[in-house]
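Listed below, chain by chain, are the residues.
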Amino acid sequence: MAGALGVKATPFTYAAHALGAAAAAMVLVWCIHFRGGLALEAVNKNLIFNVHPVLMLIGFIILGSEAIMVYKVFPGLSHDTAKLTHLILHAIAIVLGAVGIYCAFKFHNESGIANLYSLHSWLGIGAISLYGIQWIFGFVTFFFPGAAPDVRRGALPWHALFGLFVYVLTLATAELGFLEKMTFLQSSGLDKYGAEALLVNFTALVVVLFGAAVVVAAVAPAAKVEEPEGYAPIPVIG
């Protein structure tokens, strides 16, 4: 649909990078300035929790977004180089996301808080599990040992479509996380119209815009389109 409207990916990759940088800066200001800092071991268990939103946003979502956009950001890269970069960035995102989830469990366990009782936590576990399954499928099918060429051609649109579904799921999970944390803080006395509340709400809005830019960049054609190794463009339904 984006290609049919004459929309190219390049301006959306620029917008995504600007919004991603803003979101990263905002979550760091929130967790370090307003929430006291980051730590893997601390008497103040909130510092352990603070690692969770930082790694889930910067390490999981933003780095995963770079993996999605690599084909459009560097259209001149060889197919093999772009594919390897895509694979490595997603792998790093999964590892950092897993560490971020570990920090949430660590915070809960050391603070005497129950685990996996909220929709945010359910969707989070589901999202990173699907992300891992998607990565394994992509590795086996497109990298090593690699499926037959006609199988790869048939699987590619589904791989891309499922990948975008998982990506949107991670964005929705992040938005629920911001909402859940702010609800807890405000019920504990945080000013609903104070600087911290406004910062977190605006961070969540920036993440929505960032995700929208990444999705459009992913489905829109690059300025320079080459069809490597017999692959056809990924069809977009609409």
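Analysis parameters
Residue numbers run consecutively from 1 along every chain, following the written order of its sequence. Residues qualify for local features only when their pLDDT is at least 70, as the model is predicted, and side-chain atom pairs are given and counted only at 80 or more; totals for whole chains, interfaces and linings, by contrast, use all residues. Side-chain metrics in this entry use all non-hydrogen atoms of the structure; hydrogen atoms and water are not considered. UniProt positions are given in the numbering used here, feature names are shortened, and annotations may be inferred rather than shown by experiment. Helix and strand assignments come from DSSP, with helices taken as H or I runs of at least 4 residues and strands as E runs of at least 2, each series counted from the N terminus. For this analysis, a ring pair means two rings from Phe, Tyr or Trp (six-membered ring only for Trp) whose centres lie within 6.5 Å, classed as stacked if their planes differ by under 30 degrees, edge-to-face if by over 60, and tilted for the remaining angles. Only protein chains enter the accessibility calculation, which uses a 1.4 Å probe; a residue whose area is less than 20% of its type maximum is buried, one above 50% is exposed, and one in between is partly exposed. What we call a nonpolar core is a set of buried Ala, Val, Leu, Ile, Met, Phe, Trp, Tyr and Cys residues that are connected through their side-chain atoms within 4.5 Å. A contact between two residues is defined here by any heavy atoms of the two lying within 4.5 Å. Note on bend: at a given residue it equals the angle between the axes fitted to the 7 residues ending there and to the 7 starting there. Per-residue confidence from the predictor is reported as pLDDT, a score between 0 and 100. Convention adopted: a line fitted to C-alpha atoms gives each axis, helices being fitted over their contacting stretch, and angles between N-to-C directions are expressed from 0 to 180 degrees. Under this scheme an angle from 65 to 115 degrees is roughly perpendicular, one under 35 degrees roughly parallel, and one over 145 degrees roughly antiparallel; angles in between are oblique. Ten residues, namely Ala, Val, Leu, Ile, Met, Phe, Trp, Tyr, Cys and Pro, are considered nonpolar, four, namely Asp, Glu, Lys and Arg, are considered charged, and the remaining ones, Gly among them, are considered polar.

The chain goes by Cytochrome b561 domain-containing protein in an unreviewed UniProt entry, where it is assigned to Aegilops tauschii subsp. strangulata. Heading Subcellular location (unreviewed entry) of the UniProt record for the chain holds this comment: "Membrane". For the chain, the Function (unreviewed entry) comment in UniProt is given as "Two-heme-containing cytochrome. Catalyzes ascorbate-dependent trans-membrane electron transfer by utilizing a concerted H(+)/e(-) transfer mechanism."

A. Expanded view of the UniProt feature "transmembrane region" (unreviewed entry) in the chain. UniProt's feature table lists "transmembrane region" (unreviewed entry) at residues 12–33, 54–74, 86–105, 117–144, 156–178 and 198–220, given in the numbering used throughout. A distance of 31 Å separates the end C-alpha atoms of residues 12–33, which is 100% helix and 0% strand. Secondary structure over residues 198–220 splits into 96% helix and 0% strand, and the C-alpha atoms at its two ends are 33 Å apart.

B. The arrangement of the packing of aromatic side chains in detail. Scanning the model with the defined rule gives 7 aromatic pairs in all. Ring geometry for W135 against F139: centres 5.3 Å apart, planes inclined by 20 degrees, an arrangement best described as stacked. With W135 and F139 both in helix α4 (residues 119–143) and 4 residues apart, the pair spans about one turn of that helix. Taking relative accessible area as the criterion, W135 reaches 26% and is therefore assigned partly exposed. Joined through ring pairs, the aromatic side chains of W135, F139 and F143 make up one cluster.

C. Representation of the nonpolar core in the model. W30, L57, F60, I61, Y167, F210 and V214 are the most contacted members of the largest nonpolar core, which totals 37 residues. Those elements that place two or more of their residues in this core are α1 (10–34), α2 (46–73), α3 (79–111), α4, α5 (149–187) and α6 (195–219). A total of 10 residues in this core trace back to one element, the largest contributor, which is α6. When residues no more than four places from it in sequence are discounted, the contact partners of L57 are A23, V27, I62 and V207.

D. Spatial organisation of α2. Approximately 35 degrees is the largest bend angle found in α2, and it occurs at A67. For α2, a buried count of 22 out of 28 residues is recorded, marking the element as mostly surrounded by other parts of the structure.

E. Here's a closer look at the confidence of the model for the chain. Across the chain, the average pLDDT comes to 92, with 91% of residues at or above 70. In this model, residues 225–238 is a region of pLDDT below 50 whose contacts with residues beyond four sequence positions or in other chains number 20 contacts.

F. View of the packing of α5 against α6. It is the contact of α5 with α6, at a shortest axis distance of 10 Å, that shows an interaxial angle of 175 degrees. Looking at the two axes, α5 sits roughly antiparallel to α6. For the contact of α5 with α6, the class distribution of residues is 17 nonpolar, 3 polar and 2 charged.

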